[in-house]
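# Observations on the three-dimensional arrangement
Residues per chain, in single letters:
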Amino acid sequence: MIQFDNATKRYNEGYEALSQVSFHINPGEMVFLTGHSGAGKSTLLKLVACIEKPTRGQVIVNGVNIGRLWKRSIPYLRRKIGIIFQNHQLLNDRTVFDNVALPMIIQGVSHKEVGRRVRAALDKVGLLSKEKLYPITLSGGEQQRVGIARAIVNKPPIILADEPTGNLDPDLSKEIMELFQIFNQVGVSILIASHDIDLITKMNHRILTLEAGKLIRDGK
Amino acid sequence: MIQFDNATKRYNEGYEALSQVSFHINPGEMVFLTGHSGAGKSTLLKLVACIEKPTRGQVIVNGVNIGRLWKRSIPYLRRKIGIIFQNHQLLNDRTVFDNVALPMIIQGVSHKEVGRRVRAALDKVGLLSKEKLYPITLSGGEQQRVGIARAIVNKPPIILADEPTGNLDPDLSKEIMELFQIFNQVGVSILIASHDIDLITKMNHRILTLEAGKLIRDGK
Amino acid sequence: MAEVHSKKKNNQITHTSIKGKTISYFIRHIQVFLFTLGTICRSPFASLMTTAVIGIALALPAGLHLILKNFEAVTANWDGAAQISLFLKKDISEEKVQKLTTDIAAMDEIENVSYISADMAMEEFKKHSGFGSSLDALDNNPLPDVLVIKPAIHSSSPEKIQRLMAKFRKNGMVDIAQLDMEWIKRLYSIMDVVRDGIWIAAALLAVAVLLVVGNTIRLDIQNKKEEILINKLIGATDVFIRRPFLYTGFWYGIIGGAIAFTLITVSIFILSDSINNLSGLYGSSFTISGLGISGLFILLITGLGLGLSGSWIAVGRHLKQIEPS
Amino acid sequence: MAEVHSKKKNNQITHTSIKGKTISYFIRHIQVFLFTLGTICRSPFASLMTTAVIGIALALPAGLHLILKNFEAVTANWDGAAQISLFLKKDISEEKVQKLTTDIAAMDEIENVSYISADMAMEEFKKHSGFGSSLDALDNNPLPDVLVIKPAIHSSSPEKIQRLMAKFRKNGMVDIAQLDMEWIKRLYSIMDVVRDGIWIAAALLAVAVLLVVGNTIRLDIQNKKEEILINKLIGATDVFIRRPFLYTGFWYGIIGGAIAFTLITVSIFILSDSINNLSGLYGSSFTISGLGISGLFILLITGLGLGLSGSWIAVGRHLKQIEPS
Ligand SMILES: Nc1ncnc2c1ncn2[C@@H]1O[C@H](COP(=O)(O)OP(=O)(O)OP(=O)(O)O)[C@@H](O)[C@H]1O
Ligand SMILES: Nc1ncnc2c1ncn2[C@@H]1O[C@H](COP(=O)(O)OP(=O)(O)OP(=O)(O)O)[C@@H](O)[C@H]1O
Ligand SMILES: [Mg+2]
Ligand SMILES: [Mg+2]
């Protein structure tokens, strides 16, 4: 599903954020990504979502080689990936419902279908009662969950999450991780970057550990 | 330094985010604020910084009653408070140096003085080498530290921090907390909202715990 | 197994795409069409600021053109505007003069010709000059035969008249061909200046409309940078992102055109005093003509075209620059 | 102890404030002044879009005004534009006529008077009419004495001329006062229409400049919403936040004025063909006058005023709405 072959990412400034990283995530796998601040976690996720392209090496996502992907084809790859951002990335002038509906609007899903699936997604993250509110009136944790609902509403085969529990209390963090586990059980591949080593070791999934751009550990 | 007397905050939607909260933080004290997601931590900090006003009760900061503060006087209160935001709030079109210099530019500090103090602040958070970079090229943790540098550059008597270590790895989190402790030792009053109960209990400072807007615990 | 899973998904999407593609394509366009109009209406003050500028910019050349058009209508009505007098040589037989008169009258460029014989001229002169019968003492009439010619309206431009004059002068029977049309030349020169001025003004103002729409859309794009980024991150195509901006430009242009029409109509009302005054001077029953339906139509089309082009340029230039990083 | 600590800080701040207040105030203004200019220069294309629209909007009424002004200068030069012929009554003594001539010549409204006595007229007539010496047979000269009067330039408006005519007609010696000035009336009426049109155009375009600057600043403010919020959060006063926007409006206006000046100068160059043509027709050595330094100055001041007002309005309306929450 996600395959890195000696992938290297060097930013314009000459700094090598990822060096020769190789790993393979199978469909239906749930994998954690950890490492110190600046290790390259976000960079790795950006390569998967084709936000950045590898300087050297190959990144293959859902059978598509990111390095050779046409600009015009990028949107169609991204529709297969649900991304949860570190800083929510919600639109403050749209209601919770509209924010979650966005990926389906983009794909031109019919009005009725949108309503049904948005509510299902909001129900899963426990925010069905807040669909009419604006993100600004929600607490940090609630906003994070809106972001998760938006990422899953399309039932994408891949979910990426960049520190999805960074701003949540321990109980809620555990809940959200369990939510990811449920998606994983229905066959979705999940890659989560996180600092919360205690939590992720308890989850007992494969963990990729980065250090200064190098993959130094790959296992449970 | 910071005094809450039965302070209640009810948002327009009718939801009571804080109910009758009373406490007193002395000058030079370092206090943690914790509680579940949506407990009202950010709301409490917003009251201190006069971003919101209490619906009932009193909030007195640095001898000033927030509820009765003139709009014109708010800037002068805020200059006495260094605020560290959950989502950094950096300007992406300015360099790290310029971002940190902002509070001093606002107060019309002389050019030479600005350079000296910005570099001192960046040195304290270990980012002196990155002063010419733009925030977008920094990792999450580095951005967070730029935010901290900006908050302390003016040597304010009060520092507020809303989950300053949410996106940092455990080592860096500890480092940053120790940084706050150093500021505290030179007499600055510090109030930090955080989820990281393990870390803050280890720090051995006073902890305020909120639950659904009520202060349910106040002590070490 | 997972490959199969993913394949299956692909097929599903392709299937529904083909089925409802055209219908949903149009529905989406209409949605954006109405959505952008709704957005414009929801912030009427802000939208008015943009559309009013477009309206003003469109109104000015249209208004000037209208004034010129009316002006030309007035001047076309001026009787005797250009009158040519042909003083014939002496001792030409009556028949020859008669023939010349009918020949000239038959010309396409000529409206009418009147023949004033030397005898008639003498009679007139006797009556009006005060010399009276004392002129009877003259041996022979010193006055020439004269043909007074009025050119047709379509041939009264200075160049055409000059061509006509040259033709007459070549005629052997004509002694002097005289034309009092200096002031017509002047008038046409003035109108030339006005016309040139209108072209310059119209070109400048068309540029202004493009710039205003382009600028507004550009700032709109910058304003929605975050929204665009998020949309791109969750898989929106460039076409999808571009569409609302183009429709916004479309609406700005159309509304601007409508405002221009209103402004001109009001201005005509304000100007009508001066114009009636002008018209009265020529004793004409001239009434100023407004833009009419066709004018409204042209204004709307022009506005639409400029609005769409402006937003197209802005979108082309600025949308590409916004990419997630 | 902490109270003391905070008091001390307060005192320090107050102390330095008083000391360097005025100097640092001016330095900050100059900084913002140059900073906003720098910002404008760093994105020349975007700035040009705004300033060009302002330039165009300012150029049009100024250009029209200039054309009108030049036009009036031309018409003022027209010799014999309004010529009054006074046909005097018969049998008035030579001295009386002489006195009338000098009286009229002394009038403020009159440029010059020429006296054509009946005898002189008869001579002329004999020479040119072809009747020759046959007129010697007349008993007495039937022609009247004529005074040909040219009014001064400052008195050649239709109303003033009419007043003059009325005066002459009341004079007992004058038989007929005749004036060929219909076309002057027409010209003045046309100029009236043009003048009214210019005022409407100028008013509309002034509004357009206000709107363009206001709109640009409004979108600029929305664009910098995040920056404004952060500045407010770290203790910026409203004055501090407002300042760069006002200076930006200031620069837009000034640059727009300069662009207007350039546009007009270029347009005059383009129009000069038509205008020389016009001027040639009157045999005058007239050369078109540009805006000159004073015109540039007025354009810059107008641009500045409108730019500053536009940004002031936008800032007043929109800055308050941005508050952290
Ligand atoms: N756009 C960019 N241009 C230049 N350098 C960049 C850019 N983005 C990231 N970097 C650099 O690459 C390195 C890795 O960054 P990255 O954001 O991947 O770290 P991270 O592991 O996500 O850290 P954190 O846990 O703090 O979010 C950092 O040193 C950062 O400065
Ligand atoms: N501007 C607002 N308008 C209305 N309701 C609000 C607003 N801001 C916050 N709330 C509500 O107030 C409650 C407390 O919010 P607050 O942001 O203070 O929580 P928090 O403790 O900071 O949570 P987190 O840890 O998730 O950041 C939440 O239920 C939220 O929905
Ligand atoms: Mg990161
Ligand atoms: Mg919070």
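Residues numbered from 1 in each chain as written. Chains lettered and ligands numbered in written order. Predicted model: local features only at pLDDT ≥ 70, side-chain atom pairs only at ≥ 80, totals over all residues. Heavy atoms only, no water.

### Considerations on the overall build of chain A
Per the secondary structure count, chain A includes seven helices and 10 strands. For 220 residues, the compact-globule estimate of 2.2 N^0.38 gives 17 Å, and the C-alpha radius of gyration of chain A, at 17 Å, lies within 12% of that figure. The C-alpha extent of chain A, read off along each of the three principal axes, is 45 × 40 × 35 Å. Each of the 220 residues in chain A was classed as buried or not, and the buried ones make up 61%. Carbon and sulfur atoms make up 49% of the accessible area of chain A, which amounts to about 9,000 Å² in all. Of note, chain A has its 29 positive side-chain charges centred 9 Å away from the centre of its 21 negative side-chain charges. (Helix = DSSP H or I, 4+ residues; strand = E, 2+ residues; numbered from the N terminus. Rg over C-alpha atoms; globule rule 2.2 N^0.38 Å. Buried < 20%, exposed > 50% of the residue type's maximum accessible area, 1.4 Å probe, protein only. Areas by Shrake-Rupley, 256 points an atom, 1.4 Å probe, with all protein chains shown as cover. Lys, Arg positive; Asp, Glu negative; His and termini not counted. Charge placed at Lys NZ, Arg CZ, Asp CG, Glu CD.)

### What about the overall build of chain C?
Check the secondary structure of chain C and you find nine helices and four strands. Ordered by position in the sequence, the α and β elements of chain C form the string α-α-β-α-β-α-β-α-β-α-α-α-α. Considering only intrachain contacts with a sequence separation of at least 6, the fraction spanning at least 24 residues in chain C is 83%. Entry remark: accessible area of chain C is about 16,700 Å², with carbon and sulfur atoms responsible for 62%. (Contact = heavy atoms within 4.5 Å.)

### Notes on the pattern of salt bridges
Taken as a whole and assessed by the stated rule, the structure comprises 34 salt bridges over all chains. Its salt-bridge partner being Arg116(A), residue Glu113(A) comes within 3.5 Å of it at the nearest N-O pair. Of this pair, Glu113(A) and Arg116(A) both sit in helix H4 (residues 111-124), separated by three residues, roughly a single helical turn. Lys224(C) is the salt-bridge partner of Asp220(C), the closest N and O atoms lying 3.7 Å from each other. Given the relative accessible area of 29%, Lys224(C) is considered partly exposed. (Salt bridge = Lys/Arg side-chain N within 4 Å of Asp/Glu carboxyl O.)

### Thoughts on the site of ligand 1
The full set close to ligand 1 counts 21 residues, and Ser37(A), Ser42(A), Thr43(A), Thr137(B) and Gly141(B) are the nearest of them. Measuring from an oxygen atom of ligand 1, one finds a side-chain N or O atom of Ser42(A) at 2.6 Å. Here Thr137(B) contributes a backbone N or O atom positioned 2.6 Å from an oxygen atom of ligand 1. Isolated, ligand 1 exposes 630 Å² of accessible area, and the fraction of that covered by the protein chains is 95%. For the shell around ligand 1, the secondary structure elements donating two or more residues are helix H1 (41-48) of chain A together with helix H5 (140-152) of chain B. The residue makeup of the shell around ligand 1, split by class, is six nonpolar, 11 polar and four charged. (Near = heavy atom within 4 Å. Polar contact = N/O pair within 3.5 Å; in protein donor to acceptor, adjacent residues only side chain to side chain. Nonpolar A, V, L, I, M, F, W, Y, C, P; charged D, E, K, R; others polar.)

### Quick word on the side chain of Thr8(A)
Residue and element names in this part refer to chain A. Looking at the secondary structure, you find Thr 8 in strand E1 (residues 2-10). On the basis of relative accessible area, Thr 8 is assigned to the buried category, the value being 1%. Apart from the residues within four sequence positions on either side, Thr 8 is in contact with Glu 16, Leu 18, Ser 19, Gln 20, Pro 54, Thr 55 and Arg 56.

### Quick look at the confidence of the model for chain C
Residues and elements named next belong to chain C. Looking at chain C, the pLDDT average stands at 76 and 74% of residues meet or exceed 70. Across chain C, element-level confidence peaks in helix H7 (residues 225-233) with a mean pLDDT of 88 and bottoms out in helix H1 (residues 2-42) with 64. Every residue in residues 1-15 is under pLDDT 50, and counting partners more than four places away or in other chains gives seven contacts. Taken together, the chains of this predicted complex give a pTM of 0.73 and an interface ipTM of 0.75. (pLDDT = per-residue confidence, 0-100.)

### Some points on the pairing of strand E3 (residues 30-35) of chain B
All names here are of chain B. Counting buried residues in E3 gives six out of six residues, a clear majority hidden from the surface. Residues of E3 alternate between two faces, with Met 30, Phe 32 and Thr 34 on one and Val 31, Leu 33 and Gly 35 on the opposite face, all of them buried. As paired elements, E3 and strand E8 (residues 189-193) share four bridges and run parallel to each other. Residue pairing in the sheet places Phe 32 in a bridge with Ile 192 of E8. Here E3 runs beside strand E9 (residues 206-211); their pairing, made up of five bridges, is parallel. For Val 31, the partnering residue across the bridge sits in E9 and is Arg 206. (Pairing = 2+ DSSP bridges.)

### Structural notes on the sheet that holds strand E4 (residues 56-61) of chain B
Residues and elements named next belong to chain B. Pairing is antiparallel across the open sheet formed by four strands, whose spatial order is E2-E1-E4-E5. Edge positions in the sheet fall to strand E2 (16-25) and strand E5 (64-65), since each of these pairs with one other strand and no more. Here five bridges tie strand E1 (residues 2-10) to E4, and the two strands are oriented antiparallel to one another. In the sheet register, Asp 5 faces E4, and the bridge partner there is Gln 58.

### Digging into the packing of aromatic side chains
Any pair of aromatic rings gets described here by the distance separating the centres and the angle formed by the planes. Residues and elements named next belong to chain C. Counted under the stated rule, the structure contains 12 aromatic pairs over all chains. With a centroid separation of 5.6 Å and an interplanar angle of 50°, the aromatic rings of Phe 33 and Phe 250 are classed as tilted. Of the two residues, Phe 33 is situated in helix H1 and Phe 250 in helix H8 (residues 238-281); the sequence distance between them amounts to 217 residues. Judged by relative accessible area, Phe 33 falls into the partly exposed class, the value being 28%. On the basis of relative accessibility, which here comes to 16%, the residue Phe 250 falls in the buried class. Consider the rings of Phe 250 and Trp 251, whose centres lie 5.3 Å apart with planes at 80°: the pair is edge-to-face. Under the relative-accessibility criterion, Trp 251 is labelled buried at 12%. Following the ring pairs from residue to residue traces out a cluster consisting of Phe 33, Tyr 247, Phe 250 and Trp 251. (Phe/Tyr/Trp six-rings, centres within 6.5 Å; stacked < 30°, edge-to-face > 60°.)

### A short note on the domain arrangement of chain A
All names here are of chain A. When cut into domains, chain A gives domain 1 (1-80 + 156-220) and domain 2 (87-155). Placing the centre of domain 1 and that of domain 2 at their C-alpha centroids yields a distance of 23 Å. Across the interface of domain 1 and domain 2, roughly 1,100 Å² is buried in total on both sides, 71% from carbon and sulfur atoms. If you sort the residues of domain 1 by the area they bury against domain 2, Arg 79, Pro 156 and Phe 183 come out on top, with a joint share of 43%. Across the contact surface, domain 1 and domain 2 share zero salt bridges. The interface formed by domain 1 and domain 2 contains one residue pair in polar contact (both at pLDDT 80 or more). No other element matches the five residues that helix H6 (residues 170-185) contributes to the side of domain 1 that touches domain 2. For the side of domain 1 that touches domain 2, the per-class residue count stands at 10 nonpolar, one polar and two charged. (Domains from an automatic or database assignment. Buried area = accessible area lost by both parts, 1.4 Å probe.)

### Topic: unusual backbone geometry
All names here are of chain B. For Asn 6, which is not glycine, the phi dihedral falls at a positive 50°. Among the residues examined, Asn 6 registers a relative accessible area of 42% and is labelled partly exposed. Positive phi is not limited to glycine here, since Gln 20 has a value of about 45°. Position of Gln 20 relative to the elements: it lies in strand E2.

### Considerations on the sheet that holds strand E10 (residues 214-219) of chain A
Residue and element names in this part refer to chain A. Ordered by their spatial adjacency, six strands build an open sheet running E6-E7-E8-E3-E9-E10, and the pairing between neighbours is mixed. Edge strands, defined here as strands with exactly one partner in the open sheet, are strand E6 (81-84) and E10. The sheet shows a mean angle of 15° between the axes of neighbouring strands, taken without regard to direction. This element, helix H5 (residues 140-152), spans E6 and strand E7 (158-162) of the sheet and lies at about 175° to E6. (Axes fitted to C-alpha atoms, helices over the stretch in contact; angles between N-to-C directions.)

### A short note on the packing of H5(B) against helix H6 (residues 170-185) of chain B
All names here are of chain B. Contact geometry for H5 and H6: axes closest at 12 Å, N-to-C directions at 5°. When the axis of H5 is compared with that of H6, the two are roughly parallel. Residue-level inspection shows Gly 141, Arg 145, Ile 148 and Ile 152 of H5 in contact with H6, the latter providing Leu 172, Ile 176, Leu 179, Phe 180 and Phe 183. Each residue belonging to the contact of H5 with H6 can be placed in one class, and the counts come to seven nonpolar, one polar and one charged. (Parallel < 35°, antiparallel > 145°, perpendicular 65-115°, else oblique.)

### Regarding a nonpolar patch on the surface
Together, Tyr25(C), Phe26(C), Ile30(C) and Leu34(C) line one region of the surface with nonpolar side chains, adding up to about 440 Å² of accessible area. Summarising the element assignment, Ile30(C) is placed in helix H1. (Patch = residues over 30% accessible without salt bridge, like charges linked within 9 Å, V, L, I, M, F, W, Y side chains within 5 Å.)

### A closer look at the side chain of His205(A)
Tracing the chain through its elements places His205(A) in the loop between helix H7 (197-203) and strand E9 (206-211). The contacts of His205(A), once residues within four sequence positions are left out, are Met30(A), Phe32(A), Gln181(A), Asn184(A), Gly219(A) and Lys220(A).

### Let's talk about H5(A)
Spanning 13 residues, H5(A) covers 19 Å between terminal C-alpha atoms, matching the ideal 18 Å at 1.5 Å per step. Among the 13 residues that make up H5(A), 12 are buried, leaving the element largely enclosed by the rest of the structure. Every buried residue of H5(A) is accounted for by Gly141(A), Glu142(A), Gln143(A), Gln144(A), Arg145(A), Val146(A), Gly147(A), Ile148(A), Ala149(A), Arg150(A), Ala151(A) and Ile152(A). Buried residues along H5(A) sit in contact with E6, helix H3 (96-106), H4, E7 and H6 of chain A together with H7 of chain C. (Expected span 1.5 Å × (residues − 1).)

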